[in-house]
Amino acid sequence: MFALRQRIDHRHRVGDIRRHGLALCLGLALVFAGGGAAAEESAWFSDAGPTPAAREAVDLLTQAAGEGLDPRDYEAHGLWQALAGSASAADPEAWSSVGRRLSLAMRRYLSELHAGRVDPQQFGMRYDADLRSGFDADSLLRSALADERLTEAVRSAAPAWPEYHALRRVLARYRQLVDDPAWQKNLPPLPGGKLSPGQPYGALALLQQRLLLLGDLATADSKLPERYQGALVDAVKAFQARHAIAPDGVIGRESFEQLNITPAARVRQIGLAMERLRWMPPPQGARAIVVNVPEFMLHGYDMGAGIVDTRVAMKVIVGTARKTPTPVFDAEMRFIEFSPYWNVPPSIARSETLPRLRRDPGYFDRQGFELVGSDGRVVGSLSEAGIDAVQAGQMRIRQRPGAGNALGSIKLVFPNRDNIYLHHTPTPQLFKRLRRDYSHGCIRVEKPLELAKFVLTGAPEWTETRIEQAMRRGKSATLRLDEPLPVIIAYSTAVVRDGRVHFLPDIYGLDAPLEDALQQRSQTLQASQTKENPAESRASR
C-alpha cells in the first residue's frame, strides 16, 4: 500500500500540461450535471489528477477495519487502484467515474459508521429510529470536503457513547494479536479434564505467553515454573473474571474453551458490539439508564456538557434465556411506584399461579393475593368461581404491597408494549450468582434505593430519607417524573470496564445470526463491486 501511494504521489507531481484543458472540460461537465454529487466529484480531482482529499478519503476507507467495519465493503483497495490509474492517464470520463465511486463509498461509510450496516429490527431490537434520523451523510460529506475536514467528519459520525471508543481501542490491540504465534495451535488437553493449582502441565509456556499477551499476566517469570502455581494462577483468575467465570484459578472446561478462542474470533465479537452501539439511541438529555442484558448490569449515566459519566452501577436479573428473554428496546421512564401492587400477568396467572392455587388454595393468602374485576371490584378471598373468572380473563390476580411482594418496594415504569419495567425483589440472594437470567422478562435491580436517588436527582425534595419512607410505607403511591428519563435495554457480549475488555456469554444466542447477516451483506456488496469493476477487483486479490 505504501508503494502504491508513492506511485500516485509521483505521478501527481509529473502530470503533464494537457491535464489543464481536460480538467476544465471535466469541471464544465460537472457544472452542467449540477447537484451536490457533482461538487463532490470535482473535489476528488484537480487539473493535476487526484486531490489530497481523494487520497485522504481512500486512506480513511482503508482504515475502516479499525472501526470494526470491512474496508472491502467500501471498495478501498479498488479505489486505490483507480487513483493510481487516474494519476497516470488524464481522462475526464474516468475521473468522473472514479469520483462517483469514491463519493458513494464515503457516503455509505459515514452512514454505516453512524447507524450500522443492517436493520436492528431484523434481530428483534426495537430502537426508536427517529432518534437517529437527523444524521445526513450527504450533507456531512459535502461540508467536510468544503472545509477540508474529512478525518474530523469520520470521527463525528461514530457513536458518541464512550463505550464505543473504548471498544475501538481494544479492537486495535486484538487485531495486532490475530497472527501471533501464540494462537497458531490450541492448548493441549488438560490432564483429567481440568488443571488445579499445584498440578504439572506440559503447555505452561504457551499458557503463560497467552496470558501475558492478553494483559492478565503483568510480567513473565524469568524461569518458567514446573507446576501451575503463583503468578500464573492469579493471571488465570483475572482472565476468568473478564470472561464471566468464577475466578477460582482452576482451569476447567469453560475456562479452557475461552483460553482457546482466537484473537480473530474476538475481533469479530468486538465488531458485533460496536455494530450494536451504532443502533443505540445517541446520548441525549441530562441522564440515561442502560441495562446490558448479557452482562446482567445496569449503569446510570450523567450526560452534562457533552461528557458521559457513570453515576451508578448495579447488578440486575433479566429474563430467562429459554422461555422469557428480556426484549431489547428503548423507552422513557415516566413514573415511580412506591410500595407497588403486582398485577400478575395473565400468561403467568394461567401457566403458573392458577395451577398452584388449585393444588394449594392456602397459597392465595400466604402471598397476599386478591382478585380484581374488570370494574375495579376487589375480592379478598379465593373461590372456584374466582379461579374460573381469572381463567376466562374476567378477573385478574393482584398481590398487595408488602415484604413478600414480587416487585419488592419499588417499581420504575417506562411504558412499553411488553410491559417491562425495573423493580426491587424479595429474593436478593440471586444477585450473588454470576449468571442471572431468572425473571419472566422484567428487570430486578440490586440497589433500588441508589437507583431511585439517581432517577430523582433533579428533585431535591426527594431526599434519601423520604424515598426510603415511601418504599417502606406499605401503601402504594405513584410519582410522575418531571422529565422523562431515557432507558435503553442493550445487548452486547463485549464490554470495557476499568480499561479491560470483558467477553460475556451470548445467553440469548444473538451474536451468530448478526455475524451471519453481516457476512452475507459483505459478500453481496463485494460481488456487486466485482461485477461493476472486474479488472480492479482481480488486481486487488
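What you see is a predicted model, and the numbers here were worked out from it, not measured in a lab. (Residues numbered from 1 in each chain as written. Predicted model: local features only at pLDDT ≥ 70, side-chain atom pairs only at ≥ 80, totals over all residues. Heavy atoms only, no water.)

### Comments concerning the packing of helix H10 (residues 204-214) against helix H11 (residues 231-241)
Thinking step 1. It is the contact of H10 with H11, at a shortest axis distance of 10 Å, that shows an interaxial angle of 50 degrees. In terms of axis orientation, H10 runs oblique to H11. You can see that H10 and H11 cross each other, and the crossing is left-handed. Contacts from Leu204, Gln208, Leu211 and Leu214 in H10 reach Leu232, Ala235, Val236 and Phe239 in H11.
Thinking step 2. Partitioned by chemical class, the residues of the contact of H10 with H11 number seven nonpolar, one polar and no charged. (Axes fitted to C-alpha atoms, helices over the stretch in contact; angles between N-to-C directions. Helix = DSSP H or I, 4+ residues; strand = E, 2+ residues; numbered from the N terminus. Parallel < 35°, antiparallel > 145°, perpendicular 65-115°, else oblique. Left-handed = near helix turned anticlockwise from the far one by under 90°. Contact = heavy atoms within 4.5 Å. Nonpolar A, V, L, I, M, F, W, Y, C, P; charged D, E, K, R; others polar.)

### Concerning the sheet that holds strand E8 (residues 342-343)
Thinking step 1. One open sheet accounts for four strands, arranged E8-E11-E9-E10; its pairing is antiparallel. Edge positions in the sheet fall to E8 and strand E10 (378-379), since each of these pairs with one other strand and no more.
Thinking step 2. In this structure, strand E9 (residues 369-373) lies alongside E10, joined through two bridges in antiparallel fashion. Each residue of the ladder has a partner; that of Leu371, found in E10, is Val379.
Thinking step 3. Sheet strands in contact with helix H14 (residues 346-359) are E8, E9 and strand E11 (395-399), and its direction is about 75 degrees off that of E11.
Thinking step 4. Sheet strands in contact with helix H16 (residues 384-391) are E9 and E11, and its direction is about 105 degrees off that of E11. (Pairing = 2+ DSSP bridges.)

### A closer look at the confidence of the model for the protein
Regions with low pLDDT carry predicted coordinates that are not meant to be interpreted in detail.
Thinking step 1. Mean pLDDT over the protein: 89, with 90% of residues reaching 70 or higher.
Thinking step 2. Segment residues 1-35: pLDDT under 50, and 43 contacts once partners within four positions in sequence are set aside and those in other chains are kept. (pLDDT = per-residue confidence, 0-100.)

### Details of the pairing of strand E12 (residues 410-413)
Thinking step 1. Of the two faces of E12, the one carrying Ile410 and Leu412 and the one carrying Lys411 and Val413 are both buried.
Thinking step 2. Strand direction decides the pairing type here: strand E7 (residues 328-338) and E12, joined by four bridges, are antiparallel. If you follow Phe338 over to E12, its bridge partner there is Ile410. (Buried < 20%, exposed > 50% of the residue type's maximum accessible area, 1.4 Å probe, protein only.)

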